[in-house]
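Structure assessment
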Amino acid sequence: MSTVGQFTDKEKEIQRIPQEFSGFVDYCNKNNPDVYIFGADIAGKVTQHILKINNITIKAFFDNNKNKCNTIIDEIAVLQASKNLDKISPNSIVLIASTYIHDIINQIESVGIYNWVPISNIIESNPQVNYREIIKGDLQHNHSGGEFTKDFVDFAVSNMVNSQKKYLDTNLLFIRSVDLILTEKCSLKCKDCANLMQYYDKPVNIDGQELIEDLEDICSVADEINEIRIIGGEPLMNKNFHEISLKAASYENVNKVVIYTNGTICPSDEKIASLKNDKIFVFITTYGSLSKNENKLALMLEKHGIQYNNQPAYGWTECGGIETYNREPKLNLEIFKNCCAKHFTTMTDGKLFRCPFSANVERLAAIPDNPSDYVSVRGYSKNPENYPDLKKKVRWFLRDKALIAACDSCAGRTYGDPEITPGIQADNPIEYVKFSRLEVELTS
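Conventions used here
- Residues numbered from 1 in each chain as written.
- Predicted model: local features only at pLDDT ≥ 70, side-chain atom pairs only at ≥ 80, totals over all residues.
- Heavy atoms only, no water.
- Helix = DSSP H or I, 4+ residues; strand = E, 2+ residues; numbered from the N terminus.
- Rg over C-alpha atoms; globule rule 2.2 N^0.38 Å.
- Buried < 20%, exposed > 50% of the residue type's maximum accessible area, 1.4 Å probe, protein only.
- Contact = heavy atoms within 4.5 Å.
- Areas by Shrake-Rupley, 256 points an atom, 1.4 Å probe, with all protein chains shown as cover.
- Lys, Arg positive; Asp, Glu negative; His and termini not counted.
- Charge placed at Lys NZ, Arg CZ, Asp CG, Glu CD.
- Salt bridge = Lys/Arg side-chain N within 4 Å of Asp/Glu carboxyl O.
- Polar contact = N/O pair within 3.5 Å; in protein donor to acceptor, adjacent residues only side chain to side chain.
- Pairing = 2+ DSSP bridges.
- Axes fitted to C-alpha atoms, helices over the stretch in contact; angles between N-to-C directions.
- Phe/Tyr/Trp six-rings, centres within 6.5 Å; stacked < 30°, edge-to-face > 60°.
- Arc of directions from axis to C-beta.

So, about the overall build of the protein chain. In terms of regular secondary structure, the protein chain is built from 15 helices and 14 strands. Taken against the 2.2 N^0.38 rule, which gives 22 Å for 444 residues, the C-alpha radius of gyration of the protein chain at 22 Å falls within 12% of a compact globule. Each principal axis of the C-alpha distribution contributes one length, and for the protein chain these read about 65 × 50 × 45 Å. The buried share among the 444 residues of the protein chain stands at 56%. Of the contacts formed within the protein chain by residues at least 6 apart in sequence, a portion of 74% connects residues at least 24 apart. A total accessible area of about 19900 Å² is found for the protein chain, and carbon and sulfur atoms account for 48% of it. Across the protein chain, the centroid of the 49 positively charged side chains sits 1 Å from that of the 59 negatively charged ones.

Tallied over the full model, the rule gives 18 salt bridges. The shortest N-O distance in the salt bridge between D74 and K52 comes to 3.3 Å. Residue D74 is located in the loop between β3 (71–73) and β4 (76–80), and its partner K52 is located in helix α3 (residues 42–53); the two are separated by 22 residues in the primary sequence. Between E362 and K351 there is a salt bridge, and its shortest N-O distance comes to 4.0 Å. On the criterion of sequence distance, the pair formed by E362 in helix α14 (residues 356–363) and K351 in strand β13 (residues 351–353) is long-range, its members being 11 residues apart. Of the residues examined, K351 reaches a relative accessible area of 7% and is grouped as buried. Each of E210, D214, D349, K351, E362 and R378 takes part in a single network of salt bridges with overlapping partners.

So, on to the side chain of T286. Looking at where T286 falls in the secondary structure, it is placed in strand β10 (residues 280–286). Take T286: its relative accessible area is 7%, and that puts it in the buried class. If we skip the residues at most four places from it in the chain, T286 touches N262, S291, E294, N310, Q311, P312 and A313.

Turning next to the environment of E210. Its place among the elements puts E210 in helix α9 (residues 208–221). Considered as a pair, E210 and R378 are 168 residues apart in the sequence and their alpha carbons are 9.9 Å apart. Looking at E210, its side chain comes within polar contact range of the side chain of R378, at 3.2 Å.

Another point: the sheet that holds strand β6 (residues 116–118). Remark on secondary structure: sheet strands pair via backbone hydrogen bonds, oriented parallel or antiparallel. With mixed pairing, 6 strands are arranged side by side in an open sheet as β3-β4-β2-β1-β5-β6. Of all the strands in the sheet, just β3 and β6 have a single pairing partner and so form its edges. Across the sheet, the axes of successive neighbouring strands diverge by a mean angle of 30°, strand direction being ignored. Relative to strand β2 (residues 60–63), strand β1 (residues 35–38) runs parallel, the two sharing 3 bridges. Note that in β2 the partner of F38 across the bridge is F62.

Moving on: the packing of aromatic side chains. Scanning the entire structure with this criterion turns up 13 aromatic pairs. Taking the centre distance of 6.3 Å and the plane angle of 45° together, the rings of F38 and F62 count as tilted. Placement of F38 in strand β1 and of F62 in strand β2 is noted, with a sequence separation of 24 residues between them. Look at F152 and F155: their rings are 5.8 Å apart centre to centre, the planes differ by 25°, and that puts the pair in the stacked class.

With that settled, the discussion passes to the pairing of strand β8 (residues 224–231). Counting buried positions over the 8 residues of β8 gives 8, a clear majority of the element. In this sheet, β8 lies alongside strand β7 (residues 174–181) in parallel orientation, the contact comprising 7 bridges. Residue pairing in the sheet places S177 in a bridge with E227 of β8. The pairing of β8 with strand β9 (residues 254–261) spans 5 bridges and is parallel. Looking at the pairing, E227 lines up with K256 of β9.

This paragraph deals with helix α12 (residues 294–303). Taken together, the buried positions of α12 are occupied by E294, L297, A298, M300 and L301. For α12, the angular spread of buried residues about the axis comes to 160°, placing them on one side. Of the exposed residues in α12, the ones pointing more than 90 degrees away from its buried face are N295, L299 and K303. Residues of α12 that are buried make contact with β9, α11 (269–274), β10 and β11 (307–312). Positive phi appears at G305, one or two residues downstream of α12, with a value of about 65°.

As structure tokens, then:
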């Protein structure tokens with residue numbers, strides 16, 4: 001993997017373009033190369049604006065999600081990367097607007113393009129730019145038409161910048177995000193839920209003390225966690241959700257804590273008020289009339305000055321089923337390689353999983369136990385002498401592991417899969433084959 005300022009021998013043979021912003025602008029003005037942005041979301045839009053005022057014209061946006069493609073952003077086309085990236089000149093410059101930058105670097109270099117630049121330097125060199133003023137009108141909508149809040153604009157840009165800088169530091173165990181499962185309970189029963197809540201027939205809350213101990217373990221091992229995502233189920237169904245969120249925010253090496261809720265529940269004013277913290281962000285994903293408390297919750301968050309985003313659910317695909325496919329290994333390797341959720345690190349029962357699907361098929365015992373699908377960090381906060389070895393193991397697991405056994409039970413979750421209607425409710429929990437486990441099951 002490449003790193004900014006630390007190139008491989010092969011890359012040292014290449015005449016690198018300047019990574020520092022003023023040098024980059026001078027290079028573009030003198031050489032007039034074709035410049036592209038890989039990533040057609042908020043940070044990519046902000047970058048395009050900054051370059052425009054510096055007289056640098058973007059030729060096109062690239063994105064891996066074909067549902068975002070064949071459209072226009074500020075009169076610039078969005079192209080599907082898999083079909084168009086290999087058609088551009090190898091002398092082109094590709095600006096990377098993705099948090100998972102090493103994946104995009106590998107994709108770009110695989111077609112012989114080495115002039116890539118992280119956008120983190122560009123954005124950090126322009127602190128005078130007001131992102132909230134740039135992202136308005138059509139730019140404030142996602143590809144399905146939903147509008148995100150101004151709070152989310154700042155949140156997305158800061159996440160992008162920090163993730164790019166830290167992800168490329170080979171000396172850090174930097175984790176982009178950790179989904180912390182607070183509960184199996186959900187106020188909805190969406191039949192296509194990618195987190196498999198539709199399969200839990202006797203859902204339970206996770207014990208608060210267990211969650212606190214799990215936080216201590218992962219925060220002791222990681223050098224930095226960009227965000228801890230408080231999820232479920234519906235995390236507000238765990239009465240201790242606010243205490244767990246505040247505990248997560250108390251760690252110096254945790255930058256953000258994001259609470260994901262479906263707008264069906266509005267906690268007490270006291271609990272909402274307690275969330276007033278610069279690190280805490282509430283993400284309300286709505287499902288029409290089912291999200292009966294979305295407006296009440298949003299008003300309470302505004303009242304207490306808590307950052308939040310409120311928008312309709314989108315981007316759902318048919319990946320919420322559990323099957324045994326018995327695929328050839330090479331097919332599962334492709335599914336994992338192209339998965340859009342393979343970096344959604346999920347923590348439950350003291351274990352780190354690569355994605356929520358993997359974590360929940362383990363909680364459900366819906367596949368045979370496979371210890372290679374997770375890394376246990378339970379108890380490590382009490383054994384600091386083991387940190388170096390565990391850090392290496394976790395870093396390899398999160399960055400370099402090429403496949404997990406759970407992939408053979410997943411339909412796949414590839415960027416640009418056809419989107420389906422989110423939030424369709426199941427009448428009853430969906431039945432599945434359960435495998436034996438020796439571990440003691442959690443109780444509410």
